[in-house]
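Here are the chains, one letter per residue:
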Amino acid sequence: MEHTGQPSWTIDDSIRLAKLLPAAGIDLLDVSSGGNNEAQKVNVHPYYQVDMAGQIREAVQKDGLKLLIGAVGMITTAEMARDIVQEGDGLVPKADIVLIARQFLREPEFPLRAAHQLGVEVKWPIQYHRAGWAKDAKV
Ligand SMILES: Cc1cc2nc3c(=O)[nH]c(=O)nc-3n(C[C@H](O)[C@H](O)[C@H](O)COP(=O)(O)O)c2cc1C
């Protein structure tokens, strides 16, 4: 809401809030954003909230605080989800976990497909016995 010239909640405020949470017994912060004012201008695009998660995670970790950070919003592919949490080889994760909503509505088997695409072995539900994708299937 900065564009209105009125005082506004900023990323620095979120960082200050995040740093208070571990002492209050909170383990995980899901970083989202939203509208409660019609004058708000949210520039919606893939990753639009993920960078905020990354900034908060970096600040919390810098202070040695223990708070897991979740990223949400328009995460629709296995690669996106992986890239957000991946570390090693100089990569700094933007979040510790991703949380997905609308893609589950479109594609209820999303976690099974994502695991298959990323080559991660997961246990399929018993009802899928002999119904899982073949090892090399392109899905
Ligand atoms: C129509 C709609 C309105 C939403 N409004 C808010 C909101 O006001 N505040 C908020 O923090 N998140 C809001 N969300 C985000 C959801 O809480 C949730 O984090 C999000 O749907 C997850 O992202 P995904 O559905 O793209 O996977 C909204 C989502 C949708 C689809």
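Before any of the text, the structure's been laid out above.
I will try to describe carefully the structure that is included in this document. (Residues numbered from 1 in each chain as written. Predicted model: local features only at pLDDT ≥ 70, side-chain atom pairs only at ≥ 80, totals over all residues. Heavy atoms only, no water.)

## Let's talk about the layout of surface pockets
Heads up, the rule is: Here a cavity means grid points, on a 1 Å grid over the protein atoms only, where a 1.4 Å probe fits yet cannot get out; a pocket means an open set of points with protein on both sides within 12 Å along at least five of seven lines; lining residues are those with an atom within 4 Å of a point. Grid points are joined across faces, edges and corners, and a volume is the space filled by probe spheres set on the points. Helix and strand labels come from DSSP, where a helix needs a run of H or I of at least four residues and a strand needs a run of E of at least two; each type is numbered from the N terminus. Ten residue types, Ala, Val, Leu, Ile, Met, Phe, Trp, Tyr, Cys and Pro, are classed as nonpolar, four, Asp, Glu, Lys and Arg, as charged, and the remainder, Gly among them, as polar.
Its volume calculated, the largest pocket comes out at about 770 Å³. For the largest pocket, the lining is made up of 25 residues, of which Trp9, Ser33, Gly34, Gln40 and Met52 are closest to its centre. Broken down by secondary-structure element, the contributors of at least two residues to the lining of the largest pocket are α1 (11-20), β1 (28-31) and α2 (50-62). Tallying contributions element by element places α1 first for the lining of the largest pocket, with four residues. Of the residues assigned to the lining of the largest pocket, the class counts are 11 nonpolar, 11 polar and three charged. One number sums up the size of the second largest pocket: a volume of about 300 Å³. Taken together, the residues that form the lining of the second largest pocket break down as eight nonpolar, two polar and three charged.

## Overview of the packing of α1 against α2
We apply this condition: Here the axes come from fitting lines to C-alpha atoms, over the contacting stretch only for helices, and the angles between their N-to-C directions go from 0 to 180 degrees. Angular relationships are summarised with four words: roughly parallel below 35 degrees, roughly antiparallel beyond 145, roughly perpendicular across 65 to 115, and oblique for the angles in between. By the definition used in this description, the sense in which the near helix is turned from the far one sets the handedness, with an anticlockwise turn below a right angle giving left-handed and a clockwise turn giving right-handed. Contact definition: two residues touch when any of their heavy atoms are within 4.5 Å.
At their nearest, the axes of α1 and α2 sit 9 Å apart, and the two run at 45° to each other. Here α1 lies oblique to α2, going by the angle between them. Two packed elements cross with a definite hand, and for α1 against α2 that hand is right-handed. Across the interface between the two elements, Ile11, Ser14, Ile15, Ala18 and Lys19 from α1 touch Met52, Gln55, Ile56, Ala59 and Val60 from α2. Of the residues assigned to the contact of α1 with α2, the class counts are seven nonpolar, two polar and one charged.

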